[in-house]
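One letter stands for each residue in the lines below.
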Amino acid sequence: MAEGAKEKYVEELVDQSDDFSRWYNQVVRKAELADYAPVRGCMIIRPYGYAIWEHIQRLLDARFKETGVMNAYFPLLIPRSFLEREAKHVEGFAPEVAWVTRGGGEELEEPLAIRPTSETIIGYSFAKWIQSYRDLPLLINLWNNVMRWEKRTVLFLRTAEFLWQEGHTAHRTLEEAEERTRLMLEVYRSFVQEDLAIPVLHGRKSENEKFAGALRTYSLEAMMRDGKALQSATSHNLGHNFAQGFDIQYLDADGQRKYCATTSWGLSTRIIGAIIMVHGDESGLILPPHVAPYQAVVVPIWRKDADQGAIMEAIGRIERMLKGKVRLKVDLSDNTPGWKFNEWELRGVPVRIEIGPRDVQNNSVVLVRRDNRAKETVAIDALETRLPELLEEVQQALFQRALAFREEHTYYAETYDEFKEIMSEKRGFVRVKWAEDSEAELAIKEETKATLRVIPFDQPEGGVQGRCFYTGKPATCEAVFARSY
RNA sequence: CGGGGUGUGGCGCAGUGGGUAGCGCGCAUGGUUUGGGACCAUGAGGUCCGCGGUUCAAAUCCGCGCACCCCGACCA
């Protein structure tokens, strides 16, 4: 180690504070989450990264189904004419759509869009499926891929093709659609906080920031460790916009034909970027136990070959005991224990189980938490109860730590001068009194690069008193601004 | 798409007054090791991002592409 360098376990990783984006890229590659593809802007998700996505799918899918949603599959290709039926929608997505213009060696009569999202083709089907108010609500979800020809791409955060789920629902009334929109945001909020240990602000997007074609957009906003915001999930109340574009009508009990109100909501592989940037530290990834591919890694340690038999026997017992209870990785590679410690810390395994001659002799193991490196000695027989408990402690601790970080980096600004000072010197979230005004929002973005992330549901009791920090008009709400990904 | 930067074994880099490519890590084999990235020996691995040009000769000079990174505009 270099003279004077502070002690670090992983030397080949840059410090987060020195160069956050470099740190991020290094972690993604070294932890073997993802790799670059031969096509610009596309990403290869490696098995270790994909395993995280599979856990996200499993946990989130169960939450969707509890609310009555069923999964379906819709095609990748969408006729051009479909995209054009909702004016705001085309305007919003046109610049980033990829097109298929040839097939079977011949020019196609109508170019086909590679879906940037599926509202339009869903609208086409919903119109056919829905006849009566008795067919409502219609609640479906798609686990699929979409493509958006982004100018500037970053692994997980913004790639030309990405994986996500997109939910689509149709309802009898606007009120019911609004209720569903809010319900799904709440599903996301509880999932992201409980399973990913990421604290989020939840609330409404401004007119400028809402989805192309939506009446209202709600979102979750999380703070990354560099103080920037990441939109982590969105839920849109589409009102009658798509129903009118696609003629989604039903015959109501009163004998009137009426337009449905629809919603859509999504969460993408981008959330893996959030996990990395919310929990990661100077040694690499820290994965929340609920979605970690391996929840614990066993590192055997022996001094002489004679030790091996007893250690392997104990490991066998541990494996049998934890089967089906804890996702376990046993690292029997030839690397030294020190190497394995660093490797699995870099890859974010929440708990390490060390087992050497001393431990075998005492019929115990040493458990080491990834988040704070606290060690404890546990009897092998007690692992079955202690390890799941410890994993839950880590899960909670990660959430609390991230929450504390967000609180420390959340500021209140009374005046625009204060606001500018905070944005230029500290980053983080800035909460202000706000009189909704799109022009002012754009001006603020122009000058400070901060955007209105969300108008939180969490507002002062009895309404907001005072004036907007920017325009001086009577404030109507509190809003949170930040620089974002 | 605008501004800046980078592209050389798997990874990190060196190499430019043009002269047939090198280091560290990793990898393979054998041996000794193993409680915070072990050591010795032997060995494999490169159309120097691509295409074109200048030249007796190009990783090096010129042109055109492509990819990635950073900063903008756009966005899950």
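This one's a predicted model, so the numbers in the text were calculated from it and none came from an experiment.

**With respect to the side chain of Gln395**
With respect to the secondary-structure elements, Gln395 resides in helix α12 (residues 383-408). For Gln395, a relative accessible area of 1% corresponds to the buried category. When residues no more than four places from it in sequence are discounted, the contact partners of Gln395 are Glu194, Asp195, Leu196, Ala197, Pro288, Pro289 and His290.

**Description of the environment of Glu110**
For Glu110, the position within the fold is in strand β6 (residues 106-114). Among the residues examined, Glu110 registers a relative accessible area of 31% and is labelled partly exposed. Through-space distance from the C-alpha of Glu110 to that of Pro79 is 6.8 Å; in sequence the pair is 31 residues apart. Leaving out residues up to four positions away in the same chain, Glu110 has contacts with Pro79, Arg80 and Ser81.

**Overview of the layout of surface pockets**
There is about 250 Å³ of room inside the second largest pocket. Lining the second largest pocket are 13 residues; nearest its centre among them are Leu201, Arg406, Glu407, Arg431 and Asp458. Secondary structure elements with two or more residues in the lining of the second largest pocket: α6 (174-194), β9 (201-204), α12, β20 (410-412) and β21 (429-434). The residue inventory of the lining of the second largest pocket, partitioned by class, reads 5 nonpolar, 3 polar and 5 charged.

**Things to note about the domain arrangement of chain A**
Splitting chain A by domain gives domain 1 (20-279), domain 2 (296-406) and domain 3 (410-482). Using only C-alpha atoms to locate each centre, domain 2 and domain 3 end up separated by 46 Å.

**A few points about the confidence of the model for chain A**
The predicted model of chain A averages 93 in pLDDT, with 98% of residues at 70 or higher. Confidence drops under a pLDDT of 50 for residues 1-7, and excluding neighbours within four residues, the segment shows 5 contacts in the predicted structure.

**Observations regarding the sheet that holds strand β18 (residues 364-369)**
Two modes of strand pairing occur in sheets, parallel and antiparallel, and in both the strands are linked by backbone hydrogen bonds. Reading across the sheet, the 5 strands line up as β16-β15-β17-β18-β19 and stay open at both edges, with mixed pairing between neighbours. Since the sheet does not close on itself, it has two edges, and those belong to β16 (328-330) and β19 (375-379), each with one partner. Averaged over neighbouring strand pairs, the angle between their axes works out to 25° when direction is ignored. By the bridge criterion, 4 bridges tie strand β17 (residues 351-355) to β18 in an arrangement that is antiparallel.

**As for the pairing of β6**
Two strands pair when backbone bridges link them, and strand β4 (residues 77-79) and β6 are joined in this way by 3 bridges, in the antiparallel orientation. When the sheet's bridge partners are listed, Leu77 is paired in β6 with Ile114. When strand β5 (residues 98-103) meets β6, the two strands line up antiparallel, connected through 5 bridges. Its bridge partner lying in β6, Ala98 is registered against Ile114. If you look at the hairpin formed by β5 and β6, you'll find 2 residues sitting between the two strands, and Gly104 has a positive phi there, around 55°.

**Side note on the sheet that holds β5**
The strand order β4-β6-β5 describes an open sheet built from 3 strands, whose pairing is antiparallel. Looking at which strands have only one partner, the edges of the open sheet turn out to be β4 and β5. Taking each pair of neighbouring strands and ignoring which way they run, the sheet shows an average axis angle of 50°.

**Here we look at the environment of Tyr416**
Tracing the sequence through the fold places Tyr416 in helix α13 (residues 416-425). Every residue in contact with Tyr416, bar those within four places of it in the chain, is listed here: Ala443, Ile444, Glu447, Thr448, Phe469 and Tyr470.

**A closer look at the protein's contact with RNA strand B**
Residues in contact with RNA strand B amount to 45 residues; listed here are only the nearest, Arg152, Trp339, Asn342, Asp359 and Arg483. Sugar and phosphate atoms represent 44% of those atoms of RNA strand B found within 4 Å of the protein. Between RNA strand B and the protein, one listed contact pairs a phosphate oxygen with a side-chain N or O atom of Arg152 at 2.6 Å. Residue Tyr485 places a main-chain N or O atom 3.4 Å away from a base nitrogen belonging to RNA strand B. Secondary structure elements with two or more residues in the surface near RNA strand B: α1 (20-30), α10 (337-346), β17 and α11 (357-362). At 7 residues, α10 tops the list of elements feeding residues into the surface near RNA strand B.

**Regarding the pairing of strand β10 (residues 216-223)**
Of all 8 residues that make up β10, 7 are buried, and the element is covered over most of its length. Sheet topology places β9 next to β10; 4 bridges connect them, and they run antiparallel. Counterpart to Gly203 in the pairing with β10 is Ser219. Looking at chain direction, β10 and strand β11 (residues 229-239) are connected through 8 bridges and run antiparallel.

**Brief notes about helix α2 (residues 47-66)**
Its 20 residues give α2 an end-to-end C-alpha distance of 28 Å, which sits within 8% of 28 Å, the value for a rise of 1.5 Å per residue. Remark: Gly68 follows α2 within two positions and exhibits a positive phi of approximately 95°.

**Quick notes on the pattern of salt bridges**
Using the criterion set out here, one finds 33 salt bridges in the structure. The shortest N-O distance in the salt bridge between Glu345 and Arg373 comes to 2.8 Å. Note that Glu345 is positioned in helix α10 and Arg373 in the loop between β18 and β19, a separation of 28 residues in sequence. A relative accessible area of 7% places Glu345 in the buried class. With relative accessibility at 28%, the residue Arg373 sits in the partly exposed group. Salt-bridge contacts for Glu376 lead to Arg386; the nearest nitrogen and oxygen are separated by 2.8 Å. Separated by 10 residues along the polypeptide, Glu376 in strand β19 and Arg386 in helix α12 bring together distant segments of the chain. One salt-bridge network, held together by shared partners, links Arg172, Asp252, Asp254 and Lys258.

Reading guide: rules and limits
Residues numbered from 1 in each chain as written. Chains lettered and ligands numbered in written order. Predicted model: local features only at pLDDT ≥ 70, side-chain atom pairs only at ≥ 80, totals over all residues. Heavy atoms only, no water. Helix = DSSP H or I, 4+ residues; strand = E, 2+ residues; numbered from the N terminus. Buried < 20%, exposed > 50% of the residue type's maximum accessible area, 1.4 Å probe, protein only. Contact = heavy atoms within 4.5 Å. 1 Å grid on protein atoms, 1.4 Å probe; cavity = no way out; pocket = protein on both sides within 12 Å on 5 of 7 lines; lining within 4 Å. Points joined across faces, edges and corners; volume = space filled by probe spheres on them. Nonpolar A, V, L, I, M, F, W, Y, C, P; charged D, E, K, R; others polar. Domains from an automatic or database assignment. pLDDT = per-residue confidence, 0-100. Pairing = 2+ DSSP bridges. Axes fitted to C-alpha atoms, helices over the stretch in contact; angles between N-to-C directions. Near = heavy atom within 4 Å. Polar contact = N/O pair within 3.5 Å; in protein donor to acceptor, adjacent residues only side chain to side chain. Expected span 1.5 Å × (residues − 1). Salt bridge = Lys/Arg side-chain N within 4 Å of Asp/Glu carboxyl O.

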